[in-house]
Amino acid sequence: MPGLSSNQPSSTVVAFAEFLASQGFLPPKRVVDIGCGVGRNSMYLAGLGFEVHAMDYIRQAVSSLAEKAGAGGLREMVNVIEAPIDSTWPFAGGFFDAAVDCFSSIDIETLSGRQVCRGEMFRTLKPGGYAMVAVVSSSDEFEREMSVRSPGAEKNSVIWPNGKFQKNYVKGELEGFYSCFKILRLFEVKKPAYKLGRHYTATNLVCYLRKE
Ligand SMILES: C[S@@+](CC[C@H](N)C(=O)[O-])C[C@H]1O[C@@H](n2cnc3c(N)ncnc32)[C@H](O)[C@@H]1O
């Protein structure tokens, strides 16, 4: 999703950390940042005291995060891993207390790839572990236009002008996709956004999950 701010954490991750705290789920705990990008959320979570494992397949992104963590005195709190999120993850089962997928798995171009990512999130979470998944809603005004102008082959998917695939969701589809977890909350979030030179109100969907 082009246009993400590179420094401020996503408000969805801030809210999820507050939710975790409300469940008595406090640092130090081990969290995986799935598709961390340049690490706005990893830095935030490490700053709260979480042990963060940040995965992305873009070398430049993980290097930039490693540098930032070093400069911010958080290098020991952030383990950066240059790896795909749609293949087996290099972690043992039950390794993580929590997982954050903040607009990342929506970039995976195949359903089978997204299923692998979901399966790895499930496998590597401890029983009782929490996950947060943020995606773009199919009812988002901008994405609705994109889906007419430049639809992807898959239902509710679009191809951005730069050729990048994005999977969007309706609520029921997201609920079905993550039904191997207990779905604690599934809600819509509207917020100001900027995409392709246009300011508008974005509509996202956020899911809080628990591995039972
Ligand atoms: C829209 S960005 C979100 C980045 C970050 N989660 C955030 O909220 O700032 C999506 C990220 O997922 C990563 N990504 C997409 N597909 C991936 C894959 N198959 N393996 C690893 N990383 C992937 C991209 O490189 C990108 O950094």
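On a predicted model such as this, the values are computed, not experimentally measured, just so you know.

Peer 1: Just checking my understanding: could you explain unusual backbone geometry for this structure?
Peer 2: Negative phi is the rule for most residues except glycine; trans is the rule for most peptide bonds. The residue after Pro27, namely Pro28, is reached through a cis peptide bond having omega 0 degrees. If you trace the backbone, Pro28 turns up in the loop between helix H1 (11-22) and strand E1 (30-34). Unusually for a residue other than glycine, Leu196 sits at a positive phi of about 45 degrees. By the secondary structure assignment, Leu196 is in the loop between strand E8 (182-195) and strand E9 (198-210). A relative accessible area of 48% means that Leu196 is categorised as partly exposed.

Peer 1: It is not clear to me how helix H3 (residues 59-71) should be interpreted in this structure. Could you clarify?
Peer 2: Structural remark: α-helix, 3.6 residues per turn; residues separated by three or four positions point the same way. For H3, which comprises 13 residues, the first-to-last C-alpha distance of 18 Å matches the rise-based estimate of 18 Å (1.5 Å per residue) to within 8%. Those residues of H3 not exposed but buried are Ala61, Val62, Leu65, Ala66 and Ala69. Down the axis, H3 shows its buried residues gathered within 135 degrees of arc, on one side only. Facing away from the buried side of H3, by more than 90 degrees, are the exposed residues Arg59, Gln60, Glu67 and Ala71. Buried residues in H3 make contact with helix H2 (40-48), strand E2 (51-56) and strand E3 (78-82). The positive-phi residue at the C-terminal boundary of H3 is Gly73, with phi of around 70 degrees.

Peer 1: What is the right way to look at the site of the ligand in this model?
Peer 2: Around the ligand lies a shell of 18 residues, among which Gly35, Arg40, Asp56, Ile85 and Cys102 are the nearest. Here an oxygen atom of the ligand sits 2.6 Å away from a polar atom, N or O, in the side chain of Asp56. At 3.4 Å, a side-chain N or O of Asp86 approaches a nitrogen atom of the ligand. When isolated, the ligand has an accessible area of 590 Å², and the protein chains bury 91% of it. Here the shell around the ligand is built from residues that sort into 10 nonpolar, four polar and four charged.

Each value, and the rule that gives it
- Residues numbered from 1 in each chain as written.
- Predicted model: local features only at pLDDT ≥ 70, side-chain atom pairs only at ≥ 80, totals over all residues.
- Heavy atoms only, no water.
- Helix = DSSP H or I, 4+ residues; strand = E, 2+ residues; numbered from the N terminus.
- Buried < 20%, exposed > 50% of the residue type's maximum accessible area, 1.4 Å probe, protein only.
- Expected span 1.5 Å × (residues − 1).
- Arc of directions from axis to C-beta.
- Contact = heavy atoms within 4.5 Å.
- Near = heavy atom within 4 Å.
- Polar contact = N/O pair within 3.5 Å; in protein donor to acceptor, adjacent residues only side chain to side chain.
- Areas by Shrake-Rupley, 256 points an atom, 1.4 Å probe, with all protein chains shown as cover.
- Nonpolar A, V, L, I, M, F, W, Y, C, P; charged D, E, K, R; others polar.

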